[in-house]
Amino acid sequence: MSVDRIDTSVAHPARRYNYWLGGKDNFAADRASADAIAAAWPSAPIAARENRRFLGRAVRFLAGEAGIRQFLDIGTGLPTAGNTHEVAQAIAPSARVVYVDNDPMVMVHARALLTSAPEGATAYLEADLRDPGHILAHPDLRATLDFTQPVGLMLVAVLHFIHGEGAAQPIVRELLAALPRGSYLVASNATKDFLPPQIAEVYDRMLAAGQTDIWPRTRTEFGALFDGLQLVEPGVVAAHEWRPDDPDPSLTPADVSVYAAVGQMP
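These numbers were taken from a predicted model, which means no experiment stands behind them.

Participant: Residues and numbers for the packing of helix 1 (residues 13-20) against helix 2 (residues 28-40), please.
Facilitator: It is at 9 Å that the axes of helix 1 and helix 2 come closest, and there the two elements cross at 70°. If you check the angle between helix 1 and helix 2, you find them roughly perpendicular. For the crossing formed where helix 1 meets helix 2, the hand is right-handed. In this structure, helix 1 contributes Arg15, Arg16, Tyr19 and Trp20 to the contact, and helix 2 contributes Asp30, Arg31, Ser33, Ala34, Asp35, Ile37 and Ala38.

If you want it as structure tokens, here you go:
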């Protein structure tokens with residue numbers, strides 16, 4: 001894949017997220033977009049960091065306590081410390097992971113840097129969450145994961161790029177319908193529920209003007225993504241409250257403003 005296909009003049013969520021996490025794989029347009037969002041929503045960089053930590057804890061839970069050995073990670077983002085396969089294979093070297101993203105730059109980096117343990121496997125698909133059928137039909141997905149065995153579906157900090165109330169639910173339903181019983185959904189989504197009204201109003205104006213691509217969801221709408229699943233304790237919470245390793249008492253839900261949860265198909 002050629003990096004010539006990468007448009008550096010247009011901000012991309014994966015590169016903006018990389019910037020918030022302190023990475024170097026971003027461009028001026030990404031930094032400008034990130035700074036504009038953070039000006040209206042000051043907790044955005046904190047949300048990015050806590051969301052990443054949630055991903056690591058959720059993968060450790062799945063690979064450890066839940067015994068999951070296969071992962072479908074959609075909205076991979078640019079490689080950084082603690083990628084899904086690294087966390088999973090540290091516990092179970094035979095774990096198999098398929099990464100999916102719609103940014104060519106992510107795929108270039110993924111193929112170069114996200115190397116699997118010899119016992120396991122990784123694969124990389126350039127595809128869009130908005131076309132779950134394409135993802136599910138991809139031959140590399142079927143060649144890497146065994147759909148007769150449970151899969152951990154990772155939709156971490158990606159669903160909020162699906163705009164519209166209720167718009168994410170059909171996508172999640174279609175993906176889960178293809179997975180066997182015993183599979184898990186791991187998801188997180190930005191929310192305004194914890195924001196002071198004045199900040200929420202500014203964010204609403206940015207969203208209406210097309211100055212941000214992050215669609216916040218309420219607890220009710222986010223929780224509906226897990227309808228029919230058995231929520232893993234502690235249920236739907238702010239991302240930093242989901243089984244924290246070392247709780248930071250100074251962090252509040254308003255600082256993070258991201259809902260997170262893990263649920264199992266019965």
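From this point, the narrative continues.
Participant: I'd love a proper account of the layout of surface pockets, names of residues and values included.
Facilitator: If you add up the space inside the largest pocket, you get close to 610 Å³. Around the largest pocket, the lining comprises 36 residues; the ones closest to its centre are Pro13, Ala14, Ala157, Val158 and Phe161. Listing elements by their share of the lining of the largest pocket, those giving two or more residues are helix 1, helix 3 (44-63), strand 1 (70-74) and strand 2 (96-101). When residues in the lining of the largest pocket are grouped by element, the largest group, six residues, is from helix 3. Broken down by class, the residue content of the lining of the largest pocket amounts to 21 nonpolar, eight polar and seven charged. Within this model, the second largest pocket holds a volume of roughly 160 Å³.

Participant: How would you explain helix 8 (residues 168-177) if you had to name every residue and give the values?
Facilitator: Those residues of helix 8 not exposed but buried are Ala168, Ile171, Val172, Leu175 and Leu176. One face of helix 8 carries all of its buried residues, which in axial projection span an arc of 130°. In helix 8, those exposed residues whose orientation departs by more than 90 degrees from the buried face are Pro170 and Ala177.

Conventions adopted
- Residues numbered from 1 in each chain as written.
- Predicted model: local features only at pLDDT ≥ 70, side-chain atom pairs only at ≥ 80, totals over all residues.
- Heavy atoms only, no water.
- Axes fitted to C-alpha atoms, helices over the stretch in contact; angles between N-to-C directions.
- Helix = DSSP H or I, 4+ residues; strand = E, 2+ residues; numbered from the N terminus.
- Parallel < 35°, antiparallel > 145°, perpendicular 65-115°, else oblique.
- Left-handed = near helix turned anticlockwise from the far one by under 90°.
- Contact = heavy atoms within 4.5 Å.
- 1 Å grid on protein atoms, 1.4 Å probe; cavity = no way out; pocket = protein on both sides within 12 Å on 5 of 7 lines; lining within 4 Å.
- Points joined across faces, edges and corners; volume = space filled by probe spheres on them.
- Nonpolar A, V, L, I, M, F, W, Y, C, P; charged D, E, K, R; others polar.
- Buried < 20%, exposed > 50% of the residue type's maximum accessible area, 1.4 Å probe, protein only.
- Arc of directions from axis to C-beta.

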